[in-house]
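These are the residues of each chain, in order.
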Amino acid sequence: MTEPNQPEPQGTKDDLEVRADHLGWIELTVPTKEEYLSRLEEMFEGFAKAGVPEDDLQDIKFVVREICENAMEWGNRMQAARKVHVSYRFEEGQIFIRVRDEGEGFNPAMVPDPGKLKYTDILADRRSRGKRVGGLGLFMVRKIMDEVSFNDKGNEVFLRKRMKETGSASDAGTRG
Amino acid sequence: MPNPPDHQIHCELQDSVPIIRLSGRLGADAAQSLLGLVDKKVREGFGHFVLNMREVTYLASVAIGVIVKLSFDHRVKVAEPSEAVVKLMTLADLVKLLDIAASEKEAVEALRKGRQP
(Lines give C-alpha, C1' and ligand atoms only; values in the text may rest on other atoms or scores of the structure.)
Protein backbone atom coordinates (compact mmCIF):
# COMPACT_ATOMS: atom_id res chain seq x y z
CA MET A 1 0.00 0.00 0.00
CA THR A 2 1.32 3.43 -0.78
CA GLU A 3 1.32 5.84 2.10
CA PRO A 4 -1.62 8.26 2.15
CA ASN A 5 0.60 11.25 2.77
CA GLN A 6 4.24 12.09 2.50
CA PRO A 7 6.04 12.91 5.74
CA GLU A 8 6.41 16.57 4.94
CA PRO A 9 4.35 19.44 6.31
CA GLN A 10 1.20 19.75 4.23
CA GLY A 11 0.35 23.37 5.03
CA THR A 12 -2.99 24.61 6.24
CA LYS A 13 -6.52 24.90 4.90
CA ASP A 14 -9.10 26.78 6.91
CA ASP A 15 -8.28 26.09 10.55
CA LEU A 16 -7.25 22.52 9.89
CA GLU A 17 -3.51 22.20 10.33
CA VAL A 18 -1.50 19.31 8.99
CA ARG A 19 1.97 18.45 10.20
CA ALA A 20 4.26 15.49 9.82
CA ASP A 21 7.22 14.34 11.86
CA HIS A 22 10.31 12.34 10.99
CA LEU A 23 8.78 9.17 12.49
CA GLY A 24 6.00 9.15 9.92
CA TRP A 25 3.19 10.46 12.07
CA ILE A 26 0.81 12.82 10.31
CA GLU A 27 -0.96 15.15 12.74
CA LEU A 28 -4.21 16.92 11.93
CA THR A 29 -5.19 19.69 14.34
CA VAL A 30 -8.66 21.19 14.33
CA PRO A 31 -10.59 23.63 16.50
CA THR A 32 -13.49 22.37 18.55
CA LYS A 33 -16.21 22.93 15.98
CA GLU A 34 -18.59 20.28 14.71
CA GLU A 35 -17.97 21.08 11.05
CA TYR A 36 -14.41 19.88 11.46
CA LEU A 37 -15.61 16.37 12.15
CA SER A 38 -16.64 16.16 8.51
CA ARG A 39 -13.36 17.75 7.43
CA LEU A 40 -11.47 15.06 9.31
CA GLU A 41 -13.55 12.38 7.65
CA GLU A 42 -12.77 13.87 4.26
CA MET A 43 -9.06 13.70 5.08
CA PHE A 44 -9.43 10.03 5.96
CA GLU A 45 -11.30 9.39 2.70
CA GLY A 46 -7.92 9.78 1.06
CA PHE A 47 -6.92 6.45 2.58
CA ALA A 48 -9.05 4.70 -0.04
CA LYS A 49 -6.70 5.91 -2.76
CA ALA A 50 -3.85 4.48 -0.74
CA GLY A 51 -5.37 1.01 -0.84
CA VAL A 52 -7.08 0.81 2.53
CA PRO A 53 -9.94 -1.70 2.08
CA GLU A 54 -13.40 -0.13 2.03
CA ASP A 55 -14.60 -2.02 5.13
CA ASP A 56 -11.59 -0.88 7.11
CA LEU A 57 -11.97 2.66 5.84
CA GLN A 58 -15.59 2.81 7.01
CA ASP A 59 -14.55 1.44 10.40
CA ILE A 60 -11.70 3.91 10.73
CA LYS A 61 -13.92 6.85 9.80
CA PHE A 62 -16.56 5.75 12.31
CA VAL A 63 -13.95 5.45 15.07
CA VAL A 64 -12.27 8.77 14.33
CA ARG A 65 -15.60 10.56 14.29
CA GLU A 66 -16.77 8.97 17.54
CA ILE A 67 -13.52 9.66 19.36
CA CYS A 68 -13.24 13.21 18.05
CA GLU A 69 -16.86 13.95 18.98
CA ASN A 70 -16.06 12.79 22.50
CA ALA A 71 -12.89 14.88 22.52
CA MET A 72 -14.80 17.99 21.52
CA GLU A 73 -17.86 17.46 23.70
CA TRP A 74 -16.52 15.89 26.88
CA GLY A 75 -12.83 16.80 26.64
CA ASN A 76 -12.80 20.31 25.24
CA ARG A 77 -16.32 21.10 26.47
CA MET A 78 -17.10 22.56 23.03
CA GLN A 79 -14.71 25.46 23.60
CA ALA A 80 -13.66 26.42 20.07
CA ALA A 81 -10.29 27.74 21.17
CA ARG A 82 -9.32 24.29 22.40
CA LYS A 83 -7.93 21.99 19.72
CA VAL A 84 -8.27 18.34 18.90
CA HIS A 85 -5.11 16.67 17.62
CA VAL A 86 -5.50 13.56 15.47
CA SER A 87 -2.34 11.73 14.46
CA TYR A 88 -2.02 8.61 12.35
CA ARG A 89 0.67 6.38 11.02
CA PHE A 90 0.75 3.24 8.92
CA GLU A 91 3.07 0.38 9.72
CA GLU A 92 3.10 -3.17 8.43
CA GLY A 93 -0.56 -3.41 7.49
CA GLN A 94 -1.73 -1.63 10.62
CA ILE A 95 -2.95 1.85 11.28
CA PHE A 96 -2.08 3.62 14.52
CA ILE A 97 -4.16 6.62 15.55
CA ARG A 98 -3.81 9.02 18.47
CA VAL A 99 -6.49 11.53 19.41
CA ARG A 100 -5.73 14.13 22.04
CA ASP A 101 -7.92 16.89 23.40
CA GLU A 102 -6.99 19.86 25.58
CA GLY A 103 -9.37 19.04 28.40
CA GLU A 104 -8.92 17.76 31.92
CA GLY A 105 -9.05 14.10 30.95
CA PHE A 106 -11.30 11.35 32.26
CA ASN A 107 -11.12 7.88 33.72
CA PRO A 108 -12.27 5.41 31.06
CA ALA A 109 -12.79 2.77 33.76
CA MET A 110 -15.67 4.87 35.05
CA VAL A 111 -17.58 4.62 31.77
CA PRO A 112 -20.36 2.02 32.09
CA ASP A 113 -19.68 -0.91 29.75
CA PRO A 114 -22.67 -1.93 27.60
CA GLY A 115 -20.93 -5.27 27.19
CA LYS A 116 -21.44 -5.96 30.90
CA LEU A 117 -24.56 -3.96 31.75
CA LYS A 118 -27.92 -3.81 30.06
CA TYR A 119 -27.89 -0.84 27.74
CA THR A 120 -31.40 0.11 28.78
CA ASP A 121 -30.13 0.37 32.39
CA ILE A 122 -27.28 2.58 31.22
CA LEU A 123 -29.81 4.80 29.43
CA ALA A 124 -31.94 5.02 32.57
CA ASP A 125 -28.89 5.92 34.65
CA ARG A 126 -27.83 8.62 32.20
CA ARG A 127 -31.34 10.03 32.20
CA SER A 128 -31.39 10.17 35.99
CA ARG A 129 -28.16 12.17 35.88
CA GLY A 130 -29.47 14.55 33.23
CA LYS A 131 -27.13 13.27 30.55
CA ARG A 132 -28.20 12.90 26.94
CA VAL A 133 -28.66 9.54 25.25
CA GLY A 134 -25.25 7.96 24.67
CA GLY A 135 -22.71 5.65 26.22
CA LEU A 136 -22.13 3.40 23.23
CA GLY A 137 -19.29 5.12 21.40
CA LEU A 138 -16.30 3.82 23.32
CA PHE A 139 -17.82 0.34 23.51
CA MET A 140 -18.17 0.21 19.73
CA VAL A 141 -14.72 1.67 19.18
CA ARG A 142 -13.26 -1.10 21.34
CA LYS A 143 -15.05 -3.70 19.24
CA ILE A 144 -13.77 -2.26 15.98
CA MET A 145 -10.14 -1.63 16.91
CA ASP A 146 -7.54 -4.21 17.90
CA GLU A 147 -6.18 -1.97 20.65
CA VAL A 148 -7.57 0.98 22.56
CA SER A 149 -5.71 2.60 25.43
CA PHE A 150 -5.52 5.95 27.18
CA ASN A 151 -2.76 8.06 28.66
CA ASP A 152 -2.71 8.51 32.44
CA LYS A 153 -4.45 11.86 32.29
CA GLY A 154 -7.20 10.43 30.13
CA ASN A 155 -7.14 13.10 27.44
CA GLU A 156 -5.37 11.05 24.78
CA VAL A 157 -6.47 7.77 23.25
CA PHE A 158 -4.24 5.40 21.30
CA LEU A 159 -5.85 3.15 18.72
CA ARG A 160 -4.50 0.34 16.57
CA LYS A 161 -6.16 -1.67 13.87
CA ARG A 162 -4.77 -4.35 11.60
CA MET A 163 -6.27 -3.93 8.19
CA LYS A 164 -7.57 -6.64 5.94
CA GLU A 165 -4.99 -7.79 3.47
CA THR A 166 -6.31 -7.00 0.04
CA GLY A 167 -4.23 -6.04 -2.96
CA SER A 168 -1.76 -3.31 -2.37
CA ALA A 169 -2.98 -2.79 1.21
CA SER A 170 -0.88 -5.75 2.33
CA ASP A 171 2.23 -3.98 1.09
CA ALA A 172 2.04 -1.32 3.77
CA GLY A 173 5.51 -0.93 5.13
CA THR A 174 7.18 0.58 8.13
CA ARG A 175 7.77 4.24 7.77
CA GLY A 176 10.07 6.56 9.59
CA MET B 1 -22.40 28.89 2.32
CA PRO B 2 -23.69 26.33 4.83
CA ASN B 3 -23.31 22.67 3.97
CA PRO B 4 -26.46 20.90 2.79
CA PRO B 5 -28.06 18.71 5.46
CA ASP B 6 -26.60 15.23 5.50
CA HIS B 7 -29.84 13.59 6.59
CA GLN B 8 -33.56 13.79 6.06
CA ILE B 9 -36.44 12.88 8.34
CA HIS B 10 -39.98 12.71 6.99
CA CYS B 11 -43.10 11.60 8.78
CA GLU B 12 -46.45 10.59 7.39
CA LEU B 13 -49.47 8.74 8.73
CA GLN B 14 -50.55 5.45 7.23
CA ASP B 15 -53.59 3.77 8.74
CA SER B 16 -53.07 5.92 11.83
CA VAL B 17 -49.50 4.70 12.21
CA PRO B 18 -46.77 7.35 12.01
CA ILE B 19 -44.11 6.27 9.54
CA ILE B 20 -40.84 8.07 10.03
CA ARG B 21 -38.57 7.76 7.02
CA LEU B 22 -34.93 8.40 7.74
CA SER B 23 -32.21 8.80 5.17
CA GLY B 24 -28.57 9.78 4.94
CA ARG B 25 -26.17 10.09 7.83
CA LEU B 26 -27.70 10.04 11.28
CA GLY B 27 -25.38 11.86 13.63
CA ALA B 28 -26.06 13.78 16.83
CA ASP B 29 -28.21 16.44 15.14
CA ALA B 30 -30.36 13.88 13.36
CA ALA B 31 -30.73 11.88 16.56
CA GLN B 32 -31.93 15.00 18.38
CA SER B 33 -34.37 15.81 15.57
CA LEU B 34 -35.74 12.28 15.67
CA LEU B 35 -36.25 12.48 19.43
CA GLY B 36 -38.03 15.81 19.03
CA LEU B 37 -40.30 14.47 16.31
CA VAL B 38 -41.26 11.39 18.32
CA ASP B 39 -41.90 13.53 21.42
CA LYS B 40 -44.22 15.69 19.34
CA LYS B 41 -46.08 12.65 18.04
CA VAL B 42 -46.38 11.24 21.55
CA ARG B 43 -47.94 14.52 22.69
CA GLU B 44 -50.42 14.11 19.82
CA GLY B 45 -51.38 10.74 21.28
CA PHE B 46 -49.33 8.27 19.28
CA GLY B 47 -47.48 5.46 21.01
CA HIS B 48 -46.29 3.38 18.09
CA PHE B 49 -44.02 4.17 15.19
CA VAL B 50 -42.45 2.71 12.10
CA LEU B 51 -38.88 3.79 11.48
CA ASN B 52 -38.02 3.18 7.86
CA MET B 53 -34.22 2.99 7.71
CA ARG B 54 -33.76 1.72 4.18
CA GLU B 55 -31.80 4.78 3.10
CA VAL B 56 -29.70 5.33 6.18
CA THR B 57 -26.04 5.23 5.25
CA TYR B 58 -24.46 5.93 8.63
CA LEU B 59 -25.44 5.78 12.27
CA ALA B 60 -23.40 7.49 14.94
CA SER B 61 -23.42 5.79 18.31
CA VAL B 62 -25.70 8.50 19.71
CA ALA B 63 -28.24 7.75 16.96
CA ILE B 64 -28.07 4.06 17.82
CA GLY B 65 -28.73 4.98 21.43
CA VAL B 66 -31.74 7.08 20.44
CA ILE B 67 -33.25 4.28 18.36
CA VAL B 68 -32.82 1.83 21.23
CA LYS B 69 -34.35 4.36 23.63
CA LEU B 70 -37.36 4.84 21.34
CA SER B 71 -37.76 1.07 21.06
CA PHE B 72 -37.64 0.86 24.84
CA ASP B 73 -40.12 3.68 25.47
CA HIS B 74 -42.63 3.00 22.66
CA ARG B 75 -43.83 0.34 20.25
CA VAL B 76 -41.39 0.71 17.38
CA LYS B 77 -40.96 -1.35 14.25
CA VAL B 78 -37.76 -0.80 12.29
CA ALA B 79 -38.56 -1.36 8.64
CA GLU B 80 -36.07 -2.29 5.93
CA PRO B 81 -32.89 -1.43 7.81
CA SER B 82 -30.00 -0.83 5.44
CA GLU B 83 -26.85 -2.91 5.50
CA ALA B 84 -25.04 -0.10 7.31
CA VAL B 85 -27.71 0.01 10.01
CA VAL B 86 -27.64 -3.74 10.58
CA LYS B 87 -23.84 -3.77 10.66
CA LEU B 88 -23.58 -1.00 13.25
CA MET B 89 -26.45 -2.25 15.39
CA THR B 90 -24.91 -5.71 15.36
CA LEU B 91 -21.55 -4.26 16.32
CA ALA B 92 -23.22 -2.54 19.26
CA ASP B 93 -24.81 -5.87 20.26
CA LEU B 94 -28.15 -4.14 20.14
CA VAL B 95 -29.74 -5.51 16.99
CA LYS B 96 -31.60 -8.06 19.14
CA LEU B 97 -33.41 -5.23 20.90
CA LEU B 98 -34.96 -4.05 17.66
CA ASP B 99 -38.23 -5.27 16.25
CA ILE B 100 -37.38 -5.49 12.57
CA ALA B 101 -39.84 -5.77 9.71
CA ALA B 102 -38.91 -6.67 6.16
CA SER B 103 -41.16 -3.99 4.71
CA GLU B 104 -42.96 -0.84 5.71
CA LYS B 105 -46.28 -2.52 4.91
CA GLU B 106 -45.50 -5.45 7.19
CA ALA B 107 -44.48 -3.05 9.96
CA VAL B 108 -47.67 -1.00 9.70
CA GLU B 109 -49.78 -4.16 9.64
CA ALA B 110 -48.09 -5.54 12.74
CA LEU B 111 -48.60 -2.32 14.69
CA ARG B 112 -52.23 -2.08 13.61
CA LYS B 113 -52.88 -5.67 14.69
CA GLY B 114 -51.17 -4.97 17.96
CA ARG B 115 -53.67 -2.23 18.72
CA GLN B 116 -56.65 -4.52 18.35
CA PRO B 117 -58.10 -5.99 21.56
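Within chain B, the secondary structure is distributed over four helices and five strands. Rg of the C-alpha trace for chain B: 14 Å, near the compact-globule value of 13 Å for 117 residues, within the 12% margin. Each of the three principal axes of chain B carries a C-alpha extent, and together these read 50 × 30 × 20 Å. The buried share of chain B, taken over its 117 residues, is 50%. Summed over all atoms, the accessible surface of chain B reaches about 5,900 Å², with 52% contributed by carbon and sulfur. Once the 15 positive and 15 negative side-chain charges of chain B are each reduced to a mean point, those two points are 3 Å apart.

So, on to helix α3 (residues 119-128) of chain A. Turn by turn, an α-helix covers 3.6 residues, leaving residues three or four places apart pointing in a common direction. Taken together, the buried positions of α3(A) are Tyr119(A), Thr120(A), Ile122(A), Leu123(A) and Arg126(A). Each buried residue of α3(A) lies within a common arc of 155 degrees when the element is viewed along its axis, so the set occupies one face. As for α3(A), its buried residues are in contact with α2 (54-75) of chain A together with α2 (61-73) of chain B. Downstream of α3(A) by a residue or two, Gly130(A) has a phi angle that is positive, lying close to 75 degrees.

All right, on to the interface of chain B and chain A then. Across the boundary between the two partners, chain B contributes 22 residues, which contact 19 residues of chain A. Across the interface of chain B and chain A, roughly 1,800 Å² is buried in total on both sides, 63% from carbon and sulfur atoms. Three residues stand out in chain B for area buried against chain A, namely Tyr58(B), Ser61(B) and Leu91(B), and they jointly supply 28% of the buried area on that side. Residue Arg127(A) pairs with Asp73(B) through a salt bridge whose shortest N-O separation is 3.3 Å. Among the elements of the structure, α1 (28-43), β3 (48-59), α2 and α3 (83-91) of chain B are those that each provide at least two residues to the side of chain B that touches chain A.

What follows concerns α1(B). All names here are of chain B. Helix length check: α1, at 16 residues, gives a terminal C-alpha distance of 23 Å against a target of 22 Å (1.5 Å per residue), a fit within 8%. Those residues of α1 that fall on the buried side of the exposure criterion are Ala30, Ala31, Leu34, Leu35, Leu37, Val38 and Lys41. Taken around the axis of α1, the buried residues stretch over an arc of 165 degrees, which confines them to a single face. Of the surrounding elements, those touching the buried residues of α1 are β1 (7-14), β2 (17-26), β3 and α2.

Now for the packing of α2(A) against helix α4 (residues 137-144) of chain A. Residue and element names in this part refer to chain A. The geometry of α2 relative to α4 is characterised by a closest axis approach of 10 Å and an angle of 150 degrees between their N-to-C directions. With respect to α4, the axis of α2 lies roughly antiparallel. Handedness of the crossing formed by α2 with α4: left-handed. Where α2 approaches α4, its residues Asp59, Phe62, Val63, Glu66 and Ile67 are matched on the opposing element by Gly137, Met140, Val141 and Ile144. Here the residues of the contact of α2 with α4 sort into six nonpolar, one polar and two charged.

This brings us to the nonpolar core. Among the nonpolar cores identified, the biggest contains 75 residues, and Ile97(A), Met53(B), Leu59(B) and Ile64(B) are the most heavily contacted of them. Here the element with the most residues in this core is α2(A); it accounts for nine residues. Beyond its immediate sequence surroundings of up to four residues, Ile97(A) is in contact with Trp25(A), Phe44(A), Ile60(A), Val64(A), Val86(A), Ser87(A), Tyr88(A), Val157(A), Phe158(A) and Leu159(A). Val17(B), Ile19(B), Ala79(B) and Val108(B) belong to the second-largest nonpolar core, a separate cluster that totals eight residues.

To continue, consider the confidence of the model for chain B. In the predicted model, chain B carries a mean pLDDT of 91, and the fraction of residues at 70 or more is 93%. The ipTM, which scores confidence in the relative placement of chains, is 0.83 for this predicted complex, and the corresponding pTM is 0.84.

Moving on, we get to the pairing of strand β5 (residues 94-100) of chain A. Residue and element names in this part refer to chain A. In terms of strand pairing, strand β4 (residues 83-91) meets β5 through seven bridges, oriented antiparallel. Note that in β5 the partner of arginine 89 across the bridge is phenylalanine 96. Hairpin connection, β4 to β5: the antiparallel pair is bridged by two residues, and glutamate 92 has positive phi, about 45 degrees. Here β5 pairs with strand β7 (residues 156-162) via seven bridges, running antiparallel. Each bridged residue has a counterpart across the sheet, and for valine 99 the counterpart in β7 is valine 157.

Cut-offs applied
- Residues numbered from 1 in each chain as written.
- Chains lettered and ligands numbered in written order.
- Predicted model: local features only at pLDDT ≥ 70, side-chain atom pairs only at ≥ 80, totals over all residues.
- Heavy atoms only, no water.
- Helix = DSSP H or I, 4+ residues; strand = E, 2+ residues; numbered from the N terminus.
- Rg over C-alpha atoms; globule rule 2.2 N^0.38 Å.
- Buried < 20%, exposed > 50% of the residue type's maximum accessible area, 1.4 Å probe, protein only.
- Areas by Shrake-Rupley, 256 points an atom, 1.4 Å probe, with all protein chains shown as cover.
- Lys, Arg positive; Asp, Glu negative; His and termini not counted.
- Charge placed at Lys NZ, Arg CZ, Asp CG, Glu CD.
- Arc of directions from axis to C-beta.
- Contact = heavy atoms within 4.5 Å.
- Buried area = accessible area lost by both parts, 1.4 Å probe.
- Salt bridge = Lys/Arg side-chain N within 4 Å of Asp/Glu carboxyl O.
- Expected span 1.5 Å × (residues − 1).
- Axes fitted to C-alpha atoms, helices over the stretch in contact; angles between N-to-C directions.
- Parallel < 35°, antiparallel > 145°, perpendicular 65-115°, else oblique.
- Left-handed = near helix turned anticlockwise from the far one by under 90°.
- Nonpolar A, V, L, I, M, F, W, Y, C, P; charged D, E, K, R; others polar.
- Core = buried A, V, L, I, M, F, W, Y, C linked by side-chain atoms within 4.5 Å.
- pLDDT = per-residue confidence, 0-100.
- Pairing = 2+ DSSP bridges.

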